[in-house]
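# Fold and geometry: a report
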Amino acid sequence: MKQLKTEYLGLSLRNPLIVSSSGLTASLEKLQRLEAAGAGAVVLKSVFEEQIVNETAHLEVYNAYPEAADYLHFYLKEDYLEQYIGLIAEAKKNLSIPVIGSICCVSEGGWIDFARRIEEAGADALELNVFFLPADPMVAGAEIERQYLSVVRDVAEKVSVPVAVKISTHFTSPLNMIQGIRQCGAEGVVMFNRFYEPDINTDSVQVMEADIFSTSADLRGSIRWIAMASAAFPDLDIAASTGVHTGADAVKVLLAGASAFEVCSAIYHNGLGVIDRINGYLSGWMTEHRFTSISEFCGRLNYRSVAHPLAYERAQFMKYFAARGE
Ligand SMILES: Cc1cc2nc3c(=O)[nH]c(=O)nc-3n(C[C@H](O)[C@H](O)[C@H](O)COP(=O)(O)O)c2cc1C
């Protein structure tokens, strides 16, 4: 499937299917299986700032012995991080597809030095997943956006590998935010992140965790913004994420303007075979439509190229009902 080659973050991928950061990419054995199954690249399971804080929290029992607690905090943190760095180095030694490191961080400064260690271990690129839960009514959106950009700037200044930022859909002006992310030195954006969401169980009358996996229907939230971002920033690298489950989903996001797409839930649901099925469909679709490379049709239906851009602008239902005479 030679014609599936694509460029993402300056990396040459044998195909545009990237396996998302998750438990699927948490060990060398899993990464090797993903490569053998046909993945174009992998994003390693994230290092979570939050996770490390929690992992060492139980050591507060040593509060009476501050030196011991300090030592153990340091040791556990270092051990965890060493394992992560080791995984990158092993992955680079054993895989031929690009290996992208991933950091989930919530505060300015917390992970900046670690980004450089990821680079030194050989990662081909770095995906930054920055998310602040805006739970404080006194904190304005503009302040949170400033923090996001500050994290991106600090990391991009520290590393020379390309940086992509995995963003959420929750910005008032997504294109303005992407503009800021680019100005802070990131080469790409992953559109979009998916979060744990609460649900309510009406039988037990308790808050519960909603399904963590997406469906193809979730893709619709991304298509508009991928199409608009790819038109506004033609040299921006976009990886679609959330809701790519089938070959048709893959074709849609590439037409909208992504040059690659990340897949997670579909592999959890259907196993590794889905990688080949998505790539096979994409290849067949390209043959049917006489495309010989991804770049020939990438962005062909973005906001600038599409005959009726209004289709992307329509957000309210008034026109829909007016057109139907209802
Ligand atoms: C079990 C599980 C673990 C995940 N872990 C991470 C993670 O460590 N870092 C991250 O950035 N995203 C993580 N994600 C989010 C996925 O990378 C992806 O963005 C999300 O599942 C949406 O893609 P999908 O629709 O293909 O599933 C995780 C998702 C799942 C289901």
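To start, this report covers the structure provided alongside it. Within each chain, residue numbers correspond to sequence positions counted from 1 in written order. This being a predicted model, a pLDDT of at least 70 is required before a residue's local features are given, and a value of 80 or more before pairs of side-chain atoms are given or counted; all residues contribute to the totals for chains, interfaces and linings. The side-chain quantities take in all heavy atoms of the structure and omit both hydrogens and water.

Take the overall build of the chain next. The way it works is that DSSP assigns letters per residue, a run of H or I at least four long becomes a helix, a run of E at least two long becomes a strand, and they are numbered from the N terminus. Each helix and strand in the chain was counted, giving twelve helices and 13 strands. Using a 1.4 Å probe on the protein chains alone, a residue whose accessible area is under 20% of its type maximum counts as buried, one over 50% counts as exposed, and one in between counts as partly exposed. Evaluated residue by residue, the chain yields a buried proportion of 48% over its 326 residues. By the convention used here, residues are in contact when the closest approach between their heavy atoms is within 4.5 Å. Counted over contacts in the chain with a minimum sequence separation of 6, partners at least 24 positions apart contribute 69%. Computed with a 1.4 Å probe, the accessible areas rest on the Shrake-Rupley method; for each residue, only the protein chains presented here act as cover. When the accessible surface of the chain is totalled, it reaches about 16,500 Å², and 54% of it is carbon and sulfur.

Next up on the list: the side chain of E119. Tracing the backbone shows E119 in helix 4 (residues 112-120). A positive count includes Lys and Arg, and a negative count includes Asp and Glu. His and the chain ends are not counted in either. Whenever Lys or Arg places a side-chain nitrogen within 4 Å of a carboxyl oxygen from Asp or Glu, that contact is recorded as a salt bridge. Of the side chains with opposite charge, R116 comes closest to the buried, unpaired E119, at an N-O distance of 5.9 Å. We call two N or O atoms a polar contact when they sit within 3.5 Å, provided that within protein one can donate a hydrogen and the other can accept it, with sequence-adjacent residues counted only if both atoms are side-chain atoms. At 3.0 Å, the side chain of E119 forms a polar contact with the backbone nitrogen of V161. Beyond its immediate chain neighbours, meaning those up to four positions away, E119 contacts K158, V159, S160 and V161.

We now examine helix 7 (residues 220-232). Expected span of a helix, by definition, is 1.5 Å for each gap between consecutive residues, and there is one gap fewer than residues. Under the 1.5 Å per step criterion, the end-to-end length of helix 7 is 19 Å for 13 residues, consistent within 8% with the ideal 18 Å. Looking at helix 7, one finds that the buried residues are S222, I223, I226, A227, M228, A229, S230 and A231. Residues of helix 7 that are buried in the fold lie against helix 6 (174-183), strand 9 (188-191), strand 12 (237-240), helix 8 (247-256) and helix 11 (310-313).

Right, let's get into the site of the ligand. Consider each residue's heavy atoms; a residue with any of them within 4 Å of a molecule or strand counts as near. Neighbouring the ligand are 21 residues; S21, S46, N129, S214 and S265 lie closest to it. A distance of 2.7 Å separates an oxygen atom of the ligand from a polar side-chain atom of N129. In this structure the site holding the ligand corresponds to the largest pocket. Charged residues are taken to be Asp, Glu, Lys and Arg, nonpolar residues to be Ala, Val, Leu, Ile, Met, Phe, Trp, Tyr, Cys and Pro, and polar residues to be all remaining types, Gly included. A per-class count over the shell around the ligand returns seven nonpolar, eleven polar and three charged. Each cavity reported here is a set of points on a 1 Å grid over the protein atoms alone in which a 1.4 Å probe fits but cannot get out, each pocket an open set with protein on both sides within 12 Å along at least five of seven lines, and each lining residue one with an atom within 4 Å of a point. Placement in a cavity or pocket follows one criterion, namely that more than half of the molecule's atoms lie within 2 Å of its grid points.

Attention now moves to the packing of aromatic side chains. Any pair of Phe, Tyr and Trp rings, taking the six-membered ring for Trp, is counted once the centres come within 6.5 Å. Such a pair is stacked with planes under 30 degrees apart, edge-to-face with planes over 60 apart, and tilted for the rest. As enumerated under the stated definition, the model contains eight aromatic pairs in all. When the ring of F213 is compared with that of Y268, the centres are 5.1 Å apart and the planes differ by 45°; the resulting orientation is tilted. Of this pair, F213 sits in the loop between strand 11 (206-209) and helix 7 while Y268 sits in helix 9 (residues 265-270), and the two are 55 residues apart along the sequence. Residue classification places F213 among the partly exposed positions, given a relative accessible area of 22%.

Let us now look at the pairing of strand 8 (residues 163-167). Where burial is concerned, most of strand 8 is hidden: five out of the five residues are buried. Going residue by residue along strand 8, you find V163, V165 and I167 tucked away on one face and A164 and K166 tucked away on the opposite face as well. When DSSP locates at least two bridges between a pair of strands, those strands are taken to pair. As judged from the four bridges shared by strand 7 (residues 125-130) and strand 8, these two strands associate in the parallel manner. Each bridged residue has a counterpart across the sheet, and for L128 the counterpart in strand 8 is V165. A right-handed crossover is one whose linking path, passing over the helix from the first strand to the second, runs clockwise when the strands point away from the viewer. Crossover strand 7 to strand 8 through helix 5 (residues 141-158) is right-handed. Taken together, strand 8, helix 6 and strand 9 constitute a β-α-β crossover, and its handedness is right-handed.

Further remarks concern helix 5. In this model, helix 5 (18 residues) spans 26 Å end to end at C-alpha, consistent with the 26 Å of a helix rising 1.5 Å per residue. The set of residues buried in helix 5 consists of I144, Q147, Y148, L149, S150, V151, V152, V155 and A156. If you follow the buried residues of helix 5, they end up packed against strand 6 (99-105), helix 4, strand 7, strand 8 and helix 6.

Moving on: the pattern of salt bridges. In this structure the tally under the stated criterion is nine salt bridges. Residue E82 is joined to R117 by a salt bridge in which the shortest nitrogen-to-oxygen separation is 2.5 Å. One end of the pair, E82, is in helix 3 (residues 66-94); the other, R117, is in helix 4, and 35 residues separate them in sequence. On the basis of relative accessible area, R117 is assigned to the partly exposed category, the value being 24%. When the shortest N-O distance is used, the salt bridge between E143 and R146 registers 3.1 Å. Residue E143 and its partner R146 are both found in helix 5; the two are separated by three residues, about one turn of the helix. Residue E143 is classed as partly exposed on the basis of its relative accessible area of 31%.

Okay, the packing of helix 7 against helix 8 next. Helix axes are fitted to C-alpha atoms over the stretch in contact, other axes to C-alpha atoms as well, and angles between N-to-C directions run from 0 to 180 degrees. Where helix 7 meets helix 8, the closest approach of the two axes is 8 Å, and the angle between their N-to-C directions is 30°. Put simply, helix 7 runs roughly parallel to helix 8. Here I223, I226, A227 and S230 of helix 7 come into contact with helix 8, specifically with K252, V253 and A256. A class-by-class count of the residues in the contact of helix 7 with helix 8 yields five nonpolar, one polar and one charged. The labels follow the angle: roughly parallel below 35 degrees, roughly antiparallel above 145, roughly perpendicular from 65 to 115, and oblique for the rest.

Taken by themselves, the reported measurements are silent on function.
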